[in-house]
Amino acid sequence: MNQDFLDLYTDYLISTFGSATATGLASMVSDTVSHDQVTRFLSERDYTSRDLWLQVKSTVREIEQPAAVLIFDDTIQEKPWTDESELICWHFDHCQNRTVKGVNLLNALYHSDGISVPVDFRLIRKPWQFCDVATRRLKRASEVTKNELLQEMFLQALRNQLVFRYVFMDSWFASKDNFELILSKSKHFVAVLKDNRLVALSQADQAQGRFVRVDSLQLADKQAVRGWLKGFEHEVLLVGRVFTNKDGSTGRLSLVCSDLTCDGERVAELHQKRWKVEEYHKSLKSNAALAKSPTRTLRTQSNHVFLSICAVFKLECLKRVHKLNHFALRAKLYVEALQHAFGELRRLKAAA
């Protein structure tokens, strides 16, 4: 990998407030780099999670500690006007409760000592095409499931000797297989459960198959009880969370934690760290031009995503030094750009 071009391209992604194009980058550096060179850089080879690990490894080694957490979550960046392909296609967005056209990205975010570092990613590809019998429409499918990709990323984190104690995930990934894999590697998990997940509150109930829906427990905020998930043999801690939504309505979450030394307060405190991945996704979309590249091929599109991830990592490194969040850093750049444009306009008017 050409590290100079990576630094230049990621700096450009952070600096631009419009579309991220090869010609735009060339103009920014007064054509000292041509747009053809930028295009060749994006096209030369596929950049993968291994390349990301090589970029972030030294920073991870500086901040890692035994109490750190590894957070898994996926996000969808809508690309409604881009030609459909195995990469940019239709995915179900549980936030909007509908299918949307775009890029689906599964991330592993390492959070330690107040710093969040992306350590792995997978682009969800759907190369298989088939005709849906019911709707008679052409659809796409992936070769592997997201849960299989999560397991692959978790095992890769262990091979990379990443130091952490907890794995966080939302209800989409709260599967028995994932839980068993995490426990088998001497790690603990904290996850959100779907309301219809079945639980038993005693071994006798578990043995006799007397399970109830987890939402029927109506646990108070941060109230914790021990129990068993149906189909999962290990005892777990079930914790309720009650919160107020923006519209004033009351929302509820049911959390599950494998670490029985925790109480409800501790699990709630741990789960709060899961929102770091939401902040990361927001920065990826707003501060790293994730959706603003007009790239057309699968390789250049996927490489642009990789470089957007690197750009957010660069913002996180700047945050450590300057004690400003990603949006504050970008706002500072925006004000500087406005001041420069204003001064240039004054000079042009004076010369008229």
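These notes cover the structure that comes with them.

1. Quick word on the overall build of the chain
- The helix and strand tally for the chain stands at 11 helices and 13 strands.
- For the chain, the spread of C-alpha atoms along the three principal axes comes to 85 × 50 × 45 Å.
- Buried residues in the chain amount to 45% of all 352 residues.
- Within the chain, residue pairs in contact and separated by at least 24 positions form 60% of the contacts whose partners lie at least 6 positions apart.
- A total of about 18100 Å² of accessible surface is found on the chain, and carbon and sulfur atoms cover 51% of it.

2. Thoughts on helix α9 (residues 276-287)
- With 12 residues, α9 ought to run about 16 Å at 1.5 Å a step, and its terminal C-alpha atoms sit 15 Å apart, in line with that.
- Turning to α9, its buried residues number three or more, namely V277, Y280, H281, S283, L284 and N287.
- Elements that come into contact with the buried residues of α9 comprise α1 (3-15), β1 (69-78), β3 (98-112), β4 (115-123), α10 (298-322) and α11 (326-351).
- Looking one or two residues past α9, A289 carries a phi angle of roughly 55 degrees, positive in sign.

3. Points about unusual backbone geometry
- Of note in this structure, S186 is not a glycine but carries a positive phi near 65 degrees.
- You can see S186 is positioned in the loop between α6 (176-184) and β8 (188-193).
- With phi around 70 degrees, K222 is a residue other than glycine that occupies positive phi space.
- The residue K222 is located in the loop between β10 (212-213) and β11 (224-229) in this model.
- A residue is classified by how much of its surface remains accessible, and K222, at 31% relative accessible area, is partly exposed.

4. Quick notes on the packing of α9 against α11
- In the contact formed by α9 and α11, the axes pass within 10 Å of each other and the chain directions differ by 20 degrees. For the element pair α9 / α11, the angle class is roughly parallel. Between α9 and α11 the crossing geometry is left-handed. Here K282, S283, S286 and N287 of α9 lie close against α11, whose contacting residues are H326, F327 and R330.

5. With respect to the state of the cysteines
- A full pass over the atoms with the stated rule returns 0 disulfides.
- Here C95 is not disulfide-linked; the sulfur of C89 is the nearest cysteine sulfur, at 18 Å.
- Considering cysteine sulfurs only, C317 is the nearest to C310, which forms no disulfide, with 10 Å between them.
- Residue C310 is classed as buried on the basis of its relative accessible area of 5%.

6. Regarding the side chain of E316
- Here E316 lies in helix α10.
- Look at E316 and you get buried, because its relative accessible area is 4%.
- A distance of 3.0 Å separates a polar atom in the side chain of E316 from the backbone nitrogen of S116.
- At 2.7 Å, the side chain of E316 and the side chain of H326 are in polar contact.
- Excluding residues that lie within four positions of it along the chain, E316 makes contacts with G114, I115, S116 and H326.

7. Some details on the pattern of salt bridges
- Evaluation of the coordinates by the stated rule reveals 27 salt bridges.
- A salt bridge links K176 to D177; its shortest N-O distance comes to 3.6 Å.

8. Here's the deal with helix α8 (residues 264-272)
- Among the residues making up α8, those that are buried are G264, V267, A268, L270 and H271. The buried residues of α8 occupy an angular sector of 160 degrees when the element is viewed end-on, so they sit on one face.
- Looking at the buried positions of α8, the neighbouring elements they touch are β7 (166-169), β8, β11, β12 (235-244) and β13 (250-257).

9. Side note on a nonpolar patch on the surface
- Residues F17, L333, Y334 and L338 make up a contiguous nonpolar surface patch of roughly 360 Å² in combined accessible area.
- You can see L333 is positioned in helix α11.

10. Comments concerning the side chain of H281
- Residue position: H281 is located in helix α9.
- By relative accessible area, H281 is classed as buried at 4%.
- At 3.1 Å, the side chain of H281 forms a polar contact with the side chain of N107.
- For H281, the contacting residues outside a window of four places in its chain are D73, D74, T75 and N107.

Conventions adopted
Residues numbered from 1 in each chain as written. Predicted model: local features only at pLDDT ≥ 70, side-chain atom pairs only at ≥ 80, totals over all residues. Heavy atoms only, no water. Helix = DSSP H or I, 4+ residues; strand = E, 2+ residues; numbered from the N terminus. Buried < 20%, exposed > 50% of the residue type's maximum accessible area, 1.4 Å probe, protein only. Contact = heavy atoms within 4.5 Å. Areas by Shrake-Rupley, 256 points an atom, 1.4 Å probe, with all protein chains shown as cover. Expected span 1.5 Å × (residues − 1). Axes fitted to C-alpha atoms, helices over the stretch in contact; angles between N-to-C directions. Parallel < 35°, antiparallel > 145°, perpendicular 65-115°, else oblique. Left-handed = near helix turned anticlockwise from the far one by under 90°. Disulfide = S-S within 2.5 Å. Polar contact = N/O pair within 3.5 Å; in protein donor to acceptor, adjacent residues only side chain to side chain. Salt bridge = Lys/Arg side-chain N within 4 Å of Asp/Glu carboxyl O. Arc of directions from axis to C-beta. Patch = residues over 30% accessible without salt bridge, like charges linked within 9 Å, V, L, I, M, F, W, Y side chains within 5 Å.

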